[in-house]
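Report on the structure
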Amino acid sequence: MTTAPWRDHALPAAARVDDLLSRMTLEEKTAQLYGVWVGASTDGDGVAPHQHDMSVDHDWDELITRGLGQLTRSFGTAPVDPALGAQALARAQRRITEAGRFGIPAIAHEECLAGFTAWQATAYPVPLAWGATWDPPVVEEMARRIGDDLRSAGVHQGLAPVLDVVRDPRWGRVEETIGEDPYLVGTVGSAYVKGLESAGVVATLKHFAGYASSAGARNLAPVRAGVREFADVTLPPFEMALREGGARSVMAAYTERDGVPASADPELLTGLLREEWGFTGTVVADYFGIGFLQTLHRVAGTPAEAAHAALTAGIDVELPTLKCYGDPLPAAVRSGQVPEDLVDRAARRVLLQKCELGLLDEDWTPEPAAAVNLDSTGNRILARRLAEESVVLLDNPDGLLPLAPDTRIAVIGPRAADALAMLGCYSFPSHVLTHHPDVPAGIEIPTVLDALRTEIPDAKVTFAQGCDVTDPDTAGFEEAVARTAEADVCVAVLGDRAGLFGRGTSGEGCDATDLGLPGAQGELLDSLIATGVPVVLVLLTGRPYALGRWHGRLGAVVQAFFPGEEGGPAVAGVLSGRVNPSGRLPVSVPQVPGGQPWTYLQPPLGLAGEVSNLDPTPLYAFGHGRSYTTFAWEDGTGGEEPAETGTDGSYDVSVTVRNTGEREGAEVVQLYLHDPVASVTRPDMRLIGYQRVAAAPGEAARVTFRFHADLSSFTDRAGRRVVEPGALELRLAASSADVRHTARLTLTGPVRVLGTDRRLRCETEVSGVE
């Protein structure tokens, strides 16, 4: 028996795919370009926008005779035992391979933003918490573990990470982002991509591009970003994750910019992504995004027209189902409406990826290679580490924290005794189990209340909820105040409830009108403070909230961004002192609810000044965070006269960080760029490097940043990325508002125009100091 060339391992993948394509019918080629979502709800209460009116009925047995591109969320649609789910997925793959002429399995994809979105899978901290760790290596390890779990269950592609940069914290999906700075987002996001891809799982960058810049912070609203904001803030994390992380897939954003939807934008999805950046993987639609070209954007009159626009732009795969690339597409090709070479182009990319994954090999098997355990001990240990590193001590003015071991503690608030307070909207319990109220969470999620009782066993701990997350009812205030009055200290645990499309205060489609604490929580906090008992505010949220109203009135403030299944013990560990807090803010915390939208990346007119009575200066700056130890910053680079280097040169910036306290801790050394004069307005400061440094008492480390002139580049008036000669300041800082040392530098020589080989990262070296 002669093996067909497309099955021949010895041939290059491109030759194998070309041979296979030459044998396929039009229907077989288009079948590789869509997914099928088995079991998706159509009752109007789904987990994707417009799921109820965009899903398509189909005959499964007839459909798979053509083959199938993707299987949508076999684990993430309803609670299924992971081992049984893996077996069911394997059976489905067997049916697909047996039904089609070529025996090609589907790519199975799942959400994996804060862990594999499956029942009984580890719920890690949300991406905003990853940003708060400022620790890419631990994020990479988390992603590798997520990838291993996906592979063990038969999943090939993960729909993560989100690389949107926060532009307005009222946006509901802030919890899914890594922060408000493109360098932080790019470095941490690239680490996630490396981890997922190292496990053999295709990482999918979301959402390309501009989604987080929607007007008024409304989900799917038009994007108002200008050319330079788009180029210098929105795009760099994606470029870094492709070039350094090796992501093999990109998801087109729902939104439109300047009248052109991303899903129908060939300049974005082909010109920039493929021709300029050299991307060779697959572009997938966000769920129903191609159909939205007809229904929401109204740039297509029929599903076939939407398919034509998306294929032309460069979308290879319609997810999650086949509304446009199903029957409408081959009919449009046969009628001459859509050129068949567009189908061939997309099918070739899909099949090349399947070839890379081994899905075209004769010896491929869908059966799991080992037992499926999605919440292993190792996972939980890492989830705890991530959670502990992500907790930010915002304030502790009089040293109220750590709490005394034998104190009387009143734990108050709607987030104190609710396990879901730990989880973001893309965790399985928040995302899916709300539709299955009788099914248990499937994983152990200690609450702050339970964890605090375990953490400080000699303390007398009482509890009152006080109020609900969103309900304005204040009937519970009386009991909360009474419990507080009897205590030595009050721990007020307030914040968000993650949800979808208005069913929560944070999450997809849960946008905020302002940045005041939801419901009656602010009034509850006022009542607790009025007792005169010291109050520790613990926030479990998916976004920053305005805290200026209580500044100077609280004993301490602790911020945790949905810290995952081990978040309760992590927060309790910070309160007890077992954990020395080391998290740093990935987003600014505002003074007043209406003082936004604002991020620290502001040109001069975006800063406080005499031209307006409104002061947007945050209460706690980007990069801020306190510790239970102290650090001295010594011998920072910089002298009286500025150093010089060329516009293609480099310069080392160093500082010694010494732990001058009595316990081990971690400092985050941040490097910012200030460009005093440029041809276009520039942010007053922007992050270009950082290094997390752990040190024992008395221990010191020398941190050196290898600054290259490329890191000062920006988009000029002609749309070119350039390095301009002139003066710069390199600021070593503990936050964007706490500069410790400044090195002045002059770039000499001509303006340099940069290409795609520009340096994206500031390399860092850490050495010990005697």
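Residues numbered from 1 in each chain as written. Predicted model: local features only at pLDDT ≥ 70, side-chain atom pairs only at ≥ 80, totals over all residues. Heavy atoms only, no water.

**Quick notes on the sheet that holds strand β3 (residues 107-110)**
With respect to topology, seven strands assemble into an open sheet ordered β1-β2-β3-β4-β5-β6-β9, the strand pairing being parallel. In the strand order of this sheet, the two ends are held by β1 (35-36) and β9 (282-285), each with one partner. In terms of strand pairing, strand β5 (residues 202-208) meets strand β6 (residues 249-252) through three bridges, oriented parallel. Within β6, the residue paired with T204 across the bridge is S249. Seen against the sheet, helix α8 (residues 182-198) touches β4 (157-158) and β5 and runs at an angle of roughly 145 degrees to β5. (Pairing = 2+ DSSP bridges. Helix = DSSP H or I, 4+ residues; strand = E, 2+ residues; numbered from the N terminus. Contact = heavy atoms within 4.5 Å. Axes fitted to C-alpha atoms, helices over the stretch in contact; angles between N-to-C directions.)

**Description of the side chain of T255**
Positionally, T255 belongs in the loop between β6 and β7 (256-257). For T255, a relative accessible area of 2% gives the class buried. Setting aside residues no more than four positions away along its own chain, T255 makes contact with A209, G210, Y211, L220, A221, V223, P261, A262 and H297. (Buried < 20%, exposed > 50% of the residue type's maximum accessible area, 1.4 Å probe, protein only.)

**Observations regarding helix α1 (residues 13-23)**
Every buried residue belonging to α1 is among R16, V17, D19, L20 and L21, and all of these are buried. Against α2 (26-31) and α15 (340-356) lie the buried residues of α1.

**So, the pattern of salt bridges**
This structure, assessed with the given rule, holds 55 salt bridges. Between R16 and D361 there is a salt bridge; the shortest N-O distance is 2.9 Å. Pair noted here: R16 is in helix α1 and D361 is in the loop between α15 and α16 (377-390), with a separation of 345 residues, a long-range link. We classify R16 as buried; its relative accessible area is 4%. Of the charged contacts in the structure, one is a salt bridge between R23 and D19, with a shortest N-O distance of 3.0 Å. With R23 and D19 both in helix α1 and four residues apart, this pair spans about one turn of that helix. With relative accessibility at 38%, the residue R23 sits in the partly exposed group. Taken together, the shared-partner salt bridges in this structure form one network comprising D375, R380, R384, E388, E455, E565, E566 and R578. (Salt bridge = Lys/Arg side-chain N within 4 Å of Asp/Glu carboxyl O.)

**A word on the packing of helix α7 (residues 136-152) against α8**
Orientation of α7 relative to α8, taken along the N-to-C sense of each, is 35 degrees, at an axis distance of 7 Å. The two elements α7 and α8 meet at a crossing, and its hand is right-handed. Residues P136, V139, E140, M142, A143, R144, I146, G147 and L150 of α7 lie in contact with α8, whose contacting residues are T187, V188, A191, Y192, K194, G195, L196 and S198. In terms of residue class, the contact of α7 with α8 is built from 10 nonpolar, four polar and three charged. (Left-handed = near helix turned anticlockwise from the far one by under 90°. Nonpolar A, V, L, I, M, F, W, Y, C, P; charged D, E, K, R; others polar.)

**A word on the pairing of strand β16 (residues 631-634)**
Only one face of β16 is buried: it carries F631 and W633, and the other face, with A632 and E634, is open. Bridging between β16 and strand β18 (residues 650-659) involves four bridges; their strand directions are antiparallel. For F631, the partnering residue across the bridge sits in β18 and is N659.

**Observations regarding the environment of C510**
Take C510: it is sitting in the loop between β13 (489-495) and α20 (521-529). As for C510 and A369, which are separated by 141 residues in sequence, their C-alpha atoms are 40 Å apart.

**Details of the packing of aromatic side chains**
What the rule picks out here adds up to 14 aromatic pairs. With a centroid separation of 5.4 Å and 70 degrees between ring planes, the pair formed by F75 and F116 is classed as edge-to-face. Taken together, the positions of F75 in the loop between β2 (70-72) and α5 (82-99) and F116 in the loop between β3 and α6 (127-133) put the pair 41 residues apart, joining distant regions of the chain. The exposure classification of F75 matches that of F116, with both residues buried. When the centroid spacing of 6.0 Å and the interplanar angle of 55 degrees are considered together, the rings of F208 and W277 count as tilted. On the criterion of sequence distance, the pair formed by F208 in strand β5 and W277 in the loop between α11 (266-276) and β9 is long-range, its members being 69 residues apart. For F208, a relative accessible area of 0% translates into the label buried. Members of the aromatic cluster, joined through ring pairs, are W134, Y183, Y600, F622, Y672 and Y690. The positively charged end of R257 is found above the aromatic ring belonging to F230, 3.6 Å away from the centroid. (Phe/Tyr/Trp six-rings, centres within 6.5 Å; stacked < 30°, edge-to-face > 60°. Lys NZ or Arg CZ within 6 Å of the ring centre and 35° of its normal.)

**A short note on the packing of α8 against helix α10 (residues 236-243)**
Two elements in contact, α8 and α10, have axes whose closest approach is 8 Å; the angle formed by their N-to-C orientations is 30 degrees. Taken together, the axes of α8 and α10 are roughly parallel relative to one another. Taken as a pair, α8 and α10 cross one another with a handedness that is right-handed. Here α8 contributes P182, Y183, V185, G186, T187, S190 and V193 to the contact with α10, which in turn contributes P237, M240 and A241. The residue makeup of the contact of α8 with α10, split by class, is seven nonpolar, three polar and no charged. (Parallel < 35°, antiparallel > 145°, perpendicular 65-115°, else oblique.)

Keep in mind these values describe shape, not function.
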